[in-house]
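# Notes for the structure review
This is what each chain is made of:
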Amino acid sequence: MTNSHSSAEAGRELRRIVRINEEIKIVVATAFKINLMAMNAIFLAKRAGQSALGFGVLSNELRRFASDLQQQMAGLREATYGSVATVTAMLKQSRISRLLERARTEAQGEGKDLIQSLANRRDESTLAQSDEQMALLNRRLSHMIADTAQLVELGSVLARSAKIEAAYGGAFSVSLMQVSSDFETTIGDIQRSFENLTKNQSEDFAA
Amino acid sequence: MKTAHVIYEDGEHKWLAMVRDDTRPGFLVDTNEYLVVSDGDAILLDPGGSEVFPAVFSAVSTGFDPRRIKKIFASHQDPDVISSLSMWLEFNPGIKCYLSWLWQSFVPHFAGQEDTFVPIPDGGMDIMVGARRLQAIPAHYLHSSGNFHLYDPKAKILFSGDVGAALLPAGEDGLYVEDFDRHIRHAEAFHRRWMGSDKAKRDWCARVSALNIDMLCPQHGAIYRGADVQRFIDWFSRLEVGVLKA
């Protein structure tokens, strides 16, 4: 009897999902913060008037970016929820396999043959399905992380552009510079979270 | 490894007791499982926890074809009683599990679909095994709030779940009670703590005293036979239960 899903593997998978979820929570909180910061930046640009038109456009874009990011993160969270369900099923299967293996060892005669044939059927169907499902979920998660990382890169470009525009803000230049620096720092935090997410996903997926 | 003992046999009608697993880790409570066979049909009583499935399955297989087990009776919802349901259903997804209606939506957390469970109403019901009519006898609050025992009028055996249970030390763990006074010391603390209702206890004692019982088979410990059955019922009726004593 083979058991490709050891409890240790499933446990490791679960811990990986928890790490991904923790990063997702950080990014979601930060995206909310960017949304508020962008709203304040839009008001500030309005007060600055003609000299901060470009900054205002970029602030609007950053607000849209925050909203898109929140949506993407909701999708990622849903994907990790699906992974938790699959890992839970794997853990259950792994426990059943372990107990069947013990039953096969202890049983004699016909009982042993019955357990062996049940185990063979399980190996061919249930476990192969779990493998496939887990691989599919992992691929989906990797794609979503890669897509979202690109979105974050766009946010970083917007923040840098806002910094340049702030320099043309006339009397409001210092305030606009301060706001754009905050954007840059905050989006930098998100980029670091995504580096962690990508690392967690690729490391364990490879394992 | 558990061993299967035939405790009653009359032609095609048999009771098997699967007891004493010497390979069981010490942190797991020891349990007895019983199989009632009649005319090729069989019901497994309190099949045990998941961890003892290998031992129970192996012991059952030595005396009976496990594919013919189509019914399971669960006296109540505890994990040492019924958490192996997942394994039995893995083996035979068509198995029906008879248990109190009260636990019908709780036990599926271990395993099973809606049609796996046959809810037993509070007043009890008959369960057919082959040509034999077994009776689910109410034992609510002893200790579980939805609790049944199973009586076989032909074999005169009462499966009594946790009632009559004893936590036996090594060396005093025979299949049958041989010295009642010595044995009952290992049952006293268990019954005081686990049996929660004095009224339920008195009701149960009156109910089972009216039955003709040759053997009282608990889920833990040794089996009471002959005069020890009534001796146990009398002892239990006098025992103060539902108390925590230091």
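To keep things clear, this report deals only with the structure shown in the data block. (Residues numbered from 1 in each chain as written. Chains lettered and ligands numbered in written order. Predicted model: local features only at pLDDT ≥ 70, side-chain atom pairs only at ≥ 80, totals over all residues. Heavy atoms only, no water.)

Right, let's get into the overall build of chain B. The helix and strand inventory of chain B stands at 6 helices and 13 strands. Taken over the C-alpha trace, chain B has a radius of gyration of 17 Å; the compact-globule value for 246 residues is 18 Å, and the two agree within 12%. A principal-axis box enclosing the C-alpha atoms of chain B has dimensions of 45 × 35 × 35 Å. Within the span of chain B, comprising 246 residues, buried residues form 58% of the whole. Taking as baseline every contact in chain B between residues at least 6 positions apart, the subset at least 24 positions apart corresponds to 63%. Working note: accessible area of chain B is about 9,900 Å², and carbon and sulfur atoms make up 51% of it. Computing the positive centroid from 25 side-chain charges and the negative centroid from 33, chain B places the two 4 Å apart. (Helix = DSSP H or I, 4+ residues; strand = E, 2+ residues; numbered from the N terminus. Rg over C-alpha atoms; globule rule 2.2 N^0.38 Å. Buried < 20%, exposed > 50% of the residue type's maximum accessible area, 1.4 Å probe, protein only. Contact = heavy atoms within 4.5 Å. Areas by Shrake-Rupley, 256 points an atom, 1.4 Å probe, with all protein chains shown as cover. Lys, Arg positive; Asp, Glu negative; His and termini not counted. Charge placed at Lys NZ, Arg CZ, Asp CG, Glu CD.)

Bringing the pattern of salt bridges into the picture now. Residues and elements named next belong to chain B. Tallied over the full model, the rule gives 25 salt bridges over all chains. Among the salt bridges present, the one from aspartate 30 reaches arginine 20, with a minimum N-O distance of 3.7 Å. Here arginine 20 lies in the loop between β2 (13–19) and β3 (33–38) and aspartate 30 lies in the loop between β2 and β3, a separation of 10 residues in the sequence. Here aspartate 30 and arginine 20 have matching classes, each one buried. Linking lysine 201 and aspartate 198 is a salt bridge whose minimum nitrogen-to-oxygen distance equals 3.0 Å. (Salt bridge = Lys/Arg side-chain N within 4 Å of Asp/Glu carboxyl O.)

Two pairing modes exist for strands in a sheet, parallel and antiparallel, and in both the strands are linked by backbone hydrogen bonds. Residues and elements named next belong to chain B. Taken together, the 6 strands give an open sheet; going across it, the order is β8-β9-β10-β11-β12-β13, and neighbouring strands pair in mixed fashion. Two strands lie at the open edges of the sheet, namely β8 (125–129) and β13 (224–225), each paired on one side alone. As paired elements, strand β12 (residues 215–217) and β13 share 2 bridges and run antiparallel to each other. If you follow methionine 215 over to β13, its bridge partner there is arginine 225. Strands in contact with helix α5 (residues 198–209) are β9 (132–138), β10 (148–152), β11 (157–159) and β12; relative to β9, the strand with the most contacts, it is inclined by about 155°. (Pairing = 2+ DSSP bridges. Axes fitted to C-alpha atoms, helices over the stretch in contact; angles between N-to-C directions.)

Moving on, we come to the packing of aromatic side chains. In this description, a pair of aromatic rings is defined by centroid distance and the angle of the planes. Evaluation of the coordinates by the stated rule reveals 15 aromatic pairs over all chains. For the cation-ring pair, B:Arg225 lies above B:Tyr176, with the distance from its terminal atom to the ring centre recorded as 3.7 Å. (Phe/Tyr/Trp six-rings, centres within 6.5 Å; stacked < 30°, edge-to-face > 60°. Lys NZ or Arg CZ within 6 Å of the ring centre and 35° of its normal.)

Turning next to the sheet that holds strand β5 (residues 69–73) of chain B. Residues and elements named next belong to chain B. Read from one edge to the other, the open sheet built from 7 strands follows the order β1-β2-β3-β4-β5-β6-β7, with strand pairing classed as mixed. At either end of the open sheet lies a strand with only one pairing partner, and these are β1 (3–10) and β7 (117–120). If you compare each strand with its neighbour and ignore which way they point, the axes differ by 20° on average. The sheet contacts of helix α1 (residues 53–63) involve β1, β2, β3, β4 (41–45) and β5, and relative to β2 the element is tilted by about 145°.

Any space left empty among the atoms is revealed by the rolling of a water-sized probe across them. Residue and element names in this part refer to chain B. Estimated volume of the second largest pocket: approximately 220 Å³. In this structure, the second largest pocket is lined by 14 residues; those nearest its centre are Arg20, Arg24, Asp30, Leu168 and Asp173. Of the residues assigned to the lining of the second largest pocket, the class counts are 6 nonpolar, 2 polar and 6 charged. (1 Å grid on protein atoms, 1.4 Å probe; cavity = no way out; pocket = protein on both sides within 12 Å on 5 of 7 lines; lining within 4 Å. Points joined across faces, edges and corners; volume = space filled by probe spheres on them. Nonpolar A, V, L, I, M, F, W, Y, C, P; charged D, E, K, R; others polar.)

All names here are of chain B. Across 5 bridges, β8 lies against β9 in antiparallel orientation. Across the sheet, residue methionine 125 finds its bridge partner in β9, namely alanine 136. Between β8 and β9, which pair antiparallel one after the other, the connecting turn spans 2 residues, and glycine 130 there sits at a positive phi close to 60°. Where β9 meets β10, 4 bridges bridge the pair, whose relative direction is antiparallel. Each residue of the ladder has a partner; that of isoleucine 137, found in β10, is histidine 149.

Let's shift gears to the interface of chain A and chain B. Chain A puts 15 residues into the contact, and the matching count from chain B is 15 residues. A buried area of about 1,500 Å², summed over both sides, lies between chain A and chain B, and 62% of it is on carbon and sulfur atoms. On the chain A side of the interface with chain B, the three residues burying the most area are A:Leu99, A:Glu106 and A:Leu114, jointly 35% of the side's total. Our enumeration of links across chain A and chain B arrives at 5 salt bridges. Salt-bridge contacts for A:Glu110 lead to B:Arg67; the nearest nitrogen and oxygen are separated by 2.5 Å. Where chain A meets chain B, there are 7 residue pairs in polar contact (both at pLDDT 80 or more). Counting residues per element, the side of chain A that touches chain B draws most heavily on helix α2 (residues 53–106) of chain A, which supplies 8 residues. Of the residues assigned to the side of chain A that touches chain B, the class counts are 8 nonpolar, 1 polar and 6 charged. (Buried area = accessible area lost by both parts, 1.4 Å probe. Polar contact = N/O pair within 3.5 Å; in protein donor to acceptor, adjacent residues only side chain to side chain.)

Residues and elements named next belong to chain B. Most of β3 sits inside the fold, with 6 of its 6 residues counted as buried. Residue alternation in β3 divides its side chains into two sets, Glu33, Leu35 and Val37 and Tyr34, Val36 and Ser38, and both sets are buried. Pairing between β2 and β3: 5 bridges, direction antiparallel. What sits directly across from alanine 17, in β3, is tyrosine 34. Relative to β4, β3 is paired through 5 bridges, and the arrangement is antiparallel. Bridge assignment links leucine 35 to a residue of β4, and that residue is leucine 44. Between β3 and β4, which pair antiparallel and follow one another directly, the connecting turn spans 2 residues, one of which, aspartate 39, has a positive phi of 50°.

As a further point, take a nonpolar patch on the surface. All names here are of chain A. Together, Phe32, Leu36, Met39 and Phe43 give the surface a local cluster of nonpolar side chains, amounting to about 380 Å² of exposed area. Looking at the secondary structure, you find leucine 36 in helix α1 (residues 7–48). Taking the relative accessible area as the measure of exposure, leucine 36 reaches 42% and is therefore partly exposed. (Patch = residues over 30% accessible without salt bridge, like charges linked within 9 Å, V, L, I, M, F, W, Y side chains within 5 Å.)

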